[in-house]
Amino acid sequence: EKNILLSLGYSLNQNYPNPFNPVTKIEYSIVKASNVIIKIYDILGNEVKTLVNGFHQPGFYNIIFDASDLSSGVYLYRLESENFADTKKIILLK
């Protein structure tokens, strides 16, 4: 299984569904055991919410993001780990 992960590499997938209201799923994979942080930002770059902040073993993960306390608009979600960072756009339509 480890060889499969290494060949796939790190990834942060586009959330589904997108646009969403108010719940969406975010999938990601980690190749190397490390601390992983996933945060939501508004379009101005202000931090809105932390979804993940903890140590992960290599593998595939998914989380459910409930944005029922946020207003409609465009947001960004960003994954940061030891050797990888990626950002994707997310649209909340209420």
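Look up a bit, the structure's there.
Figured I'd write up the structure that's included with this text. Along each chain, numbering runs from 1 in the same order as the chain's sequence is written. Local features in this predicted model are restricted to residues of pLDDT 70 or higher, and side-chain atom pairs are both shown and tallied only at a pLDDT of 80 or more, whereas totals for entire chains, interfaces and linings draw on every residue. The basis for every side-chain value is the complete set of non-hydrogen atoms in the structure, without hydrogens or water.

**Concerning the overall build of the protein chain**
Put simply, DSSP marks the helices as runs of H or I at least four residues long and the strands as runs of E at least two long, and each gets a number from the N terminus on. Regarding its fold elements, the protein chain presents 1 helix and 7 strands. Residue exposure ignores everything except the shown protein chains as possible cover, and the areas themselves are Shrake-Rupley values with a 1.4 Å probe. Per element, the accessible surface of the protein chain, about 5,400 Å² overall, is 52% carbon and sulfur. The charge count includes Lys and Arg as positive and Asp and Glu as negative, but it does not include His or the ends of the chains. Note that the charge is assigned to NZ on lysines, CZ on arginines, CG on aspartates and CD on glutamates. Each charge sign in the protein chain was given a centre, from 9 positive and 9 negative side chains, and these centres are 2 Å apart.

**Regarding the nonpolar core**
Core analysis: the largest hydrophobic core is formed by 19 residues, its most contacted members being L12, Y28, V36, I38, F65 and L79. Only β2 (23-30), β3 (34-42), β5 (59-66), β6 (73-81) and β7 (84-92) provide two or more residues apiece to this core. When near neighbours in sequence (up to four residues on either side) are disregarded, L79 contacts S11, L12, Y28, I30, V36, I37, I38, F84, A85 and D86. For this analysis, a nonpolar core means a set of buried residues of the types Ala, Val, Leu, Ile, Met, Phe, Trp, Tyr and Cys, connected via side-chain atoms within 4.5 Å. To sort residues, take the accessible area from a 1.4 Å probe on protein chains only and compare it with the maximum for the residue type: under 20% means buried, over 50% means exposed, and anything in between is partly exposed. Every residue pair with non-hydrogen atoms within 4.5 Å of one another is taken to be in contact.

**Examining the sheet that holds β3**
Taken in spatial order, the 4 strands make up an open sheet running β4-β3-β6-β7, and their pairing is antiparallel. Taken across any chain shown, the strands that pair with only one partner, and hence form the sheet edges, are β4 (47-56) and β7. The sheet shows a mean angle of 15° between the axes of neighbouring strands, taken without regard to direction. Note on pairing: two strands pair once DSSP finds at least 2 bridges between them. Where β6 and β7 come together, 9 bridges link them in antiparallel fashion. Following the sheet pairing, R78 is matched in β7 by T87. Whenever a helix is involved, its axis is fitted only over the stretch in contact; in every case the axis is a line through C-alpha atoms, and angles between N-to-C directions fall within 0 to 180 degrees.

**Let's talk about a nonpolar patch on the surface**
By definition, no residue in a patch forms a salt bridge, and every one has over 30% relative accessible area; like charges are joined within 9 Å, nonpolar side chains (Val, Leu, Ile, Met, Phe, Trp, Tyr) within 5 Å. Any Lys or Arg side-chain nitrogen found within 4 Å of a carboxyl oxygen on Asp or Glu counts as a salt bridge. A cluster of nonpolar side chains, namely I43, L44 and V74, defines an oily patch on the protein surface of about 310 Å² accessible area. Among the secondary structure elements, V74 is positioned in strand β6.

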